[in-house]
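Structural characterization, general
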Number of protein chains: 2
Amino acid sequence: MDLFEAIEKRHSYRAEFTGEKIPDSTLKKIVQAGIQAPSGKNSQSTEFIIIDKKNIISQIAEITGYKYLHSSPAMIAVLSNCQDTYFDMTFYKEDYAAAVENILLAVTALGYASLWIDGVLRRENRAEKISDLLNIPETRKLTVLLPVGIPVENRSQCNKNAFSERAWFNSYNDIEK
Amino acid sequence: MDLFEAIEKRHSYRAEFTGEKIPDSTLKKIVQAGIQAPSGKNSQSTEFIIIDKKNIISQIAEITGYKYLHSSPAMIAVLSNCQDTYFDMTFYKEDYAAAVENILLAVTALGYASLWIDGVLRRENRAEKISDLLNIPETRKLTVLLPVGIPVENRSQCNKNAFSERAWFNSYNDIEK
C-alpha cells in the first residue's frame, strides 16, 4: 500500500475482530516494521513480544477490561529498556512511539486493524500483571499493547483539526501561506 | 512509494543538502502526514512550524552547531502542548514521536532526507533560543527539529539488531518460532 494511503487509513479500532488467524510470517513482517524505526542514538530500546496464544490473550483482555480484545487473534506487546542514552536524557518513549507508528501503518497496509493501548496499562498494576504473563524481566517495561486482527466493523480515522490550525510558516500562528 | 519501502529507506541524514527549494505544496503534504498521526485521546498535542526563510535556518544551524544544516532548504519545527490528557498522565512525547515518524516516512517517500534532532535542543537553552526566533508561545514546547532537503550524499538506515534479538513469541526471550 502507498505510504500516504496507509497514513490516511490508519485508525484506532475499538471493536470485535473476526478472529481469523494471522500467519506467523505476517506477524513477523509487521514487527519488523517496528524494528526498523529510528531510536535515540540507535539504542534500539524497544523490543516486542508477539502473542498468539488464546489463553494469554484472554487473560490480557480481562486485565485491561476491554472485552473486544477476546476476539483478537494476536497482540504485540511493546517493551522498553528505559536506560539513559544521552547525558541525563532518556528517549525510550520517543523510540517506542516511532516503532508503534510503523507497526500501525504496517497493520493498516496489510488489511488489519489495531489500537494503541497505553495509558490504561499504567494504572492498577495492569502492566505488571501482563508482564508476569509474558515473563518480562524487571529490566524491561511493558509500554504498549497492540491487538491485531481483521476488523468486523468499518471504522475510520477520527477527525483531525485543519492544517491551518496546527501548522504555520516561519512563525507560530502566523497567517496562512 | 510503498509503505514498507519507505520504512526501509528512512534514515538519519547528517550531511549536506543540495539546497534545492521545496515547493510549499510538498512541505504541506509532508506536514499533513504528521497531522494525521495518532495522539493520546486524540488531543492533537503536536503542532508544526515550517521554516523556509534562509536567515532563520542559518540562525538555527548556528544554535545547534550542526554546520550542514546551513544547506537545508527547509525545516520543520515540532511543538508540543504538554498538558495532561488522561488522569495524571501526559502523552505529548508519544504524540510527537508518532507524528515525527509519519513525517520522516513522507520525506523519504517524496525523495528527500531528514534527521530527527531532539536531544541537542534540550541542552544549553537551544530550544528556548530557537523558540524566540519562531515566536513560539510559552504554552508550547519546541521538541524536535527536522531539516528537509535533497541529499547530496547517499546514506542508508543504520544497522538494526536481528529480529531474533528483539522479538519473540508469547514469552520474553523465548526460542525462535
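Residues numbered from 1 in each chain as written. Chains lettered and ligands numbered in written order. Predicted model: local features only at pLDDT ≥ 70, side-chain atom pairs only at ≥ 80, totals over all residues. Heavy atoms only, no water.

Here we look at the relation of the copies chain A and chain B
Least-squares fitting of chain A to chain B yields an RMSD of 0.0 Å, with the transformation described by 0.0 Å of translation along the axis and a rotation of 180°. Here the symmetry operator amounts to a two-fold rotation axis. A symmetric contact is evident, with 100% of the interface residues of chain A recurring at the interface of chain B. (Least-squares fit on C-alpha atoms with pLDDT ≥ 70 in both. Contact = heavy atoms within 4.5 Å.)

Some remarks on helix 3 (residues 54–64) of chain B
Residues and elements named next belong to chain B. For helix 3, the full list of buried residues reads Ile 56, Ile 57, Ile 60, Ala 61 and Thr 64. The buried residues of helix 3 occupy an angular sector of 140° when projected down its axis, which confines them to one face. Contacts from the buried residues of helix 3 go to strand 1 (46–51), strand 2 (74–80), helix 5 (126–133) and strand 4 (141–149). Where helix 3 ends, the next residue or the one after it, Gly 65, has phi of about 85°, a positive value. (Buried < 20%, exposed > 50% of the residue type's maximum accessible area, 1.4 Å probe, protein only. Helix = DSSP H or I, 4+ residues; strand = E, 2+ residues; numbered from the N terminus. Arc of directions from axis to C-beta.)

Structural notes on the interface of chain A and chain B
Opposite the 74 residues of chain A that make contact, chain B presents 74 residues. Together chain A and chain B conceal approximately 6,600 Å² of surface at their shared face, both sides included; 57% is due to carbon and sulfur atoms. Three residues, Arg166(A), Asn170(A) and Tyr172(A), lead the burial of chain A against chain B; their summed loss comes to 13% of the area buried on that side. Applying the counting criterion to the chain A and chain B interface returns four salt bridges. The interface formed by chain A and chain B contains 48 residue pairs in polar contact (both at pLDDT 80 or more). For the side of chain A that touches chain B, the elements supplying multiple residues, two or more each, are helix 1 (3–9), helix 2 (24–35), strand 1 (46–51), helix 4 (92–109), helix 6 (163–166) and strand 5 (167–169) of chain A. In terms of residue count, the dominant contributor to the side of chain A that touches chain B is helix 4 of chain A (eleven residues). Partitioned by chemical class, the residues of the side of chain A that touches chain B number 40 nonpolar, 14 polar and 20 charged. Direction of pairing for strand 1 of chain A relative to strand 5 (residues 167–169) of chain B: parallel, over a ladder of three bridges. Paired with Phe48(A) across the bridge in strand 5 of chain B is Ala167(B). (Buried area = accessible area lost by both parts, 1.4 Å probe. Salt bridge = Lys/Arg side-chain N within 4 Å of Asp/Glu carboxyl O. Polar contact = N/O pair within 3.5 Å; in protein donor to acceptor, adjacent residues only side chain to side chain. Nonpolar A, V, L, I, M, F, W, Y, C, P; charged D, E, K, R; others polar. Pairing = 2+ DSSP bridges.)

Geometric descriptors of this kind do not, in isolation, establish any biological role.
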